[in-house]
Amino acid sequence: MMRPPANVGDDAGAIDTPALVVDLPALDRNLDRMASFAERADVRLRPHAKTHKCPMIARRQLVRGAVGVCCQKVSEAEAMVVGGVSDVLVSNEIVGPAKVDCLAALARDARVSVLADHPDLVAAYGAAAERFGTTLSVLVELQAGDMRPGVEPGPAALELARRIAETPGLRFSGLQAYQGGAQHVRNFDERRAVSLAWIETVSATRDLLEEAGLRCEIVTGGGTGTYGFEGESGVFNEIQPGSYAVMDADYGLNRDENGNFVSEFENSLFILTTTISRNFPGFAVVDAGVKAGNVDQAMPTVWQRSGMEYVGASDEHGAIEVSAGAAEDLRAGDKLRLVPGHCDPTINLHDWIVGVRDGVVETVWPVSARGALL
Ligand SMILES: *Cc1c(COP(=O)(O)O)cnc(C)c1O
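Presented here is an overview of the structure given in this document. (Residues numbered from 1 in each chain as written. Predicted model: local features only at pLDDT ≥ 70, side-chain atom pairs only at ≥ 80, totals over all residues. Heavy atoms only, no water.)

## As for the overall build of the protein
Our working definition: The numbering of helices and of strands both runs from the N terminus, where a helix is a DSSP run of H or I of at least 4 residues and a strand a run of E of at least 2. Shrake-Rupley sampling with a 1.4 Å probe provides the accessible areas, and residues are treated as covered by the protein chains on show and by no other component. Counted as positive: Lys and Arg. Counted as negative: Asp and Glu, with His and the chain ends omitted from the count. By convention, charge coordinates are those of NZ in Lys, CZ in Arg, CG in Asp, or CD in Glu.
Check the secondary structure of the protein and you find nine helices and 17 strands. In terms of principal-axis extent, the alpha carbons of the protein reach across some 70 × 45 × 35 Å. Of the roughly 15600 Å² of accessible surface on the protein, a fraction of 50% belongs to carbon and sulfur atoms. When the 34 positive and 51 negative side-chain charges of the protein are each reduced to one mean point, those points stand 3 Å apart.

Laid out in structure tokens, this is it:
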């Protein structure tokens, strides 16, 4: 781990760069908003921790009523349990004896759930759970037609659910039905139409299983783009959004029902960067390139500064195009806040998240599950 870019009590202006900075009041408002949605809609909230990878943010979600967290990797789940989370859903298929053993062993210290989309996985999960004397909850993942894992909704899901229910060491817990491709459908009506069609499909499969005596204790899905549809469906009883806590430039391009850019959650996460070269009027070079911020889905944007656009990223440099009107507003040494293009992989690039309130550093959190690839 590298040295932290700031210490508690520092003036926010003294934070070294590039650094990941979270505006704590904005973070808490986002967490409050999602928690009150879940309460109103009467669904359980299980935020996805692959976004923040940070047990202290998970803790803030749990104290607001979240039932646990989702993780995408076994090592991420281990980091969350070490960090105090007692209920984790690994919302992924886990393949290979090393990982499956870790998962089964982790179930000694936490409630652990995982997904299956094939009988071979069910057999491997069951054998490992028996060997460690633990129980794994297993959900059947339904494939939403977006090249993710899963089984075809309908009879294939029923057959796999039966297999889980009959396997010693396992408990059949329900259905995982996350529709990844729907989250970033920009137009609200289209996003809703795609979600509602999916909810119908999930509902029919749930009914099929329950008529066969396989109770779906959990029907879960829904990310930041669609949680409202799943949450109010009466079909899903759990939602698993992740990005809402911090948001990013890519999510900022989704539209709401009035055709405006979505605004229910705030940008609470920023890449703080320093202008390192300002020799040409039309552009500036900052110290945050692709090693400080991910650009796979969208470029970072410059926060609340007009006439400045982040247009290019190399290893350690970012290029900011500066309009003629803004040329006087930016000097070498000046710091800028960038909204990350894509929050999850950006956080994964940093060892620390610096939390700021009223211009003062209040927290310096380790990103404990950083690099959790296993
Ligand atoms: C990433 C992910 C989420 C969270 O999605 P956001 O768009 O970040 O809210 C939920 N469930 C699964 C399975 C995911 O992979």
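Moving on from the coordinates now.
## Concerning the pairing of strand β15 (residues 335-339)
Short version of the rule: Only strands joined by at least two bridges in the DSSP assignment are considered to pair.
Here four bridges tie strand β10 (residues 269-280) to β15, and the two strands are oriented antiparallel to one another. Pairing of T274 across the sheet is with K335, part of β15. Looking at chain direction, strand β12 (residues 301-302) and β15 are connected through two bridges and run antiparallel. Note that in β15 the partner of T301 across the bridge is V339.

## Here we look at the site of the ligand
The test is simple: Think of it this way: one heavy atom of a residue within 4 Å of a molecule or strand is enough to make that residue near it. Here a polar contact is recorded for every N or O atom pair within 3.5 Å, except that within protein the pair must consist of a potential hydrogen donor and a potential acceptor, and residues adjacent in sequence are included only if both atoms are side-chain atoms. Residues are sorted three ways: Asp, Glu, Lys and Arg are charged, Ala, Val, Leu, Ile, Met, Phe, Trp, Tyr, Cys and Pro are nonpolar, and all the rest, Gly among them, are polar.
Taken together, 14 residues surround the ligand, and among them K50, T224, Q240, S243 and Y251 come closest. In this structure, an oxygen atom belonging to the ligand sits 2.6 Å away from a side-chain N or O atom of T224. Here the shell around the ligand is composed, by residue class, of three nonpolar, nine polar and two charged.

## Re the packing of aromatic side chains
Quick note on the threshold: Ring pairs are drawn from Phe, Tyr and Trp, using the six-membered ring of Trp, whenever the two centres fall within 6.5 Å, and their geometry is named by plane angle: stacked under 30 degrees, edge-to-face over 60, tilted for the rest. Under the scheme applied here, a residue whose accessible area is under 20% of the maximum for its type counts as buried, over 50% as exposed, and between as partly exposed, the area being computed with a 1.4 Å probe on protein chains only.
Under the defined criterion, the tally for this structure stands at six aromatic pairs. Relative to Y227, the ring of F37 lies with its centre 4.9 Å away and its plane at 85 degrees, an arrangement referred to as edge-to-face. Of this pair, F37 sits in helix α1 (residues 24-41) while Y227 sits in helix α8 (residues 227-231), and the two are 190 residues apart along the sequence. Judged by relative accessible area, F37 falls into the buried class, the value being 7%. In this structure Y227 comes out as buried when scored by relative accessible area, which is 7%. Each member of the aromatic cluster is reached from another via a ring pair, and the members are F37, Y227, Y244 and F265.

## A few points about helix α6 (residues 155-166)
The periodicity of an α-helix, 3.6 residues per turn, causes residues three or four positions apart to be oriented the same way. Rule in force here: Each residue after the first adds 1.5 Å to the expected span of a helix. Whether two residues are in contact is decided by their heavy atoms: any pair within 4.5 Å suffices.
Under the 1.5 Å per step criterion, the end-to-end length of α6 is 17 Å for twelve residues, consistent within 8% with the ideal 16 Å. Of the surrounding secondary structure, the elements contacted by the buried residues of α6 are β5 (111-116), α5 (119-132), β6 (136-141), β7 (170-176) and α7 (188-211).

## Observations regarding the side chain of S268
Topologically, S268 is positioned in the loop between β9 (238-239) and β10. Here S268 falls in the buried class, since its relative accessible area comes to 0%. Of note is the side chain of S268, whose polar atom sits 2.9 Å from the backbone oxygen of A245. Those residues in contact with S268 that lie beyond four places of it in its chain are V21, V22, D23, A26, L27, N30, A245 and V246.

## With respect to the pattern of salt bridges
The cut-off we apply is this: Salt bridge, as used here, is a side-chain nitrogen of Lys or Arg placed within 4 Å of a carboxyl oxygen of Asp or Glu.
Applying the stated criterion to the full structure yields 20 salt bridges. Here D16 makes a salt bridge to R3, at a shortest N to O gap of 3.4 Å. Of this pair, D16 sits in the segment before β1 (19-23) while R3 sits in the segment before β1, and the two are 13 residues apart along the sequence. Salt bridges sharing partners connect three or more residues here, namely R44, R46, D87, R111, E217 and E238.

## Describing the environment of A79
Within the secondary structure, A79 sits in helix α3 (residues 74-82). Accessibility expressed as a relative area gives 15% for A79, which makes it buried. The sequence separation of A79 and P55 amounts to 24 residues, and the corresponding C-alpha distance is 7.7 Å. Beyond its immediate chain neighbours, meaning those up to four positions away, A79 contacts P55, S368 and A369.

## A word on the state of the cysteines
Going by this rule: Here, two cysteine sulfur atoms that lie within 2.5 Å of each other are counted as a disulfide.
Inspection of the entire model under this criterion finds zero disulfides. You can see C70 has no disulfide; the closest cysteine sulfur is in C71, sitting 7.6 Å from it. On the accessibility criterion, C70 (0% relative accessible area) is buried. Since its relative accessible area comes to 0%, C71 is described here as buried.

## Some details on the pairing of β6
Among the six residues in β6, six count as buried, and that is most of the element. Going residue by residue along β6, you find L136, V138 and V140 tucked away on one face and S137, L139 and E141 tucked away on the opposite face as well. The pairing of β5 with β6 spans four bridges and is classified as parallel. Paired with S113 across the strands is S137, a residue of β6. Relative to β7, β6 runs parallel, the two sharing six bridges.

## Some remarks on the environment of Q72
Structurally, the position occupied by Q72 is in the loop between β3 (69-71) and α3. Excluding anything up to four places from it in sequence, Q72 contacts H48, K50, V90, S91, N92 and R148. Among the polar contacts made by the side chain of Q72, one reaches the side chain of H48 at a distance of 2.8 Å.

From the geometry alone we can't say anything about function, so treat these as descriptive.
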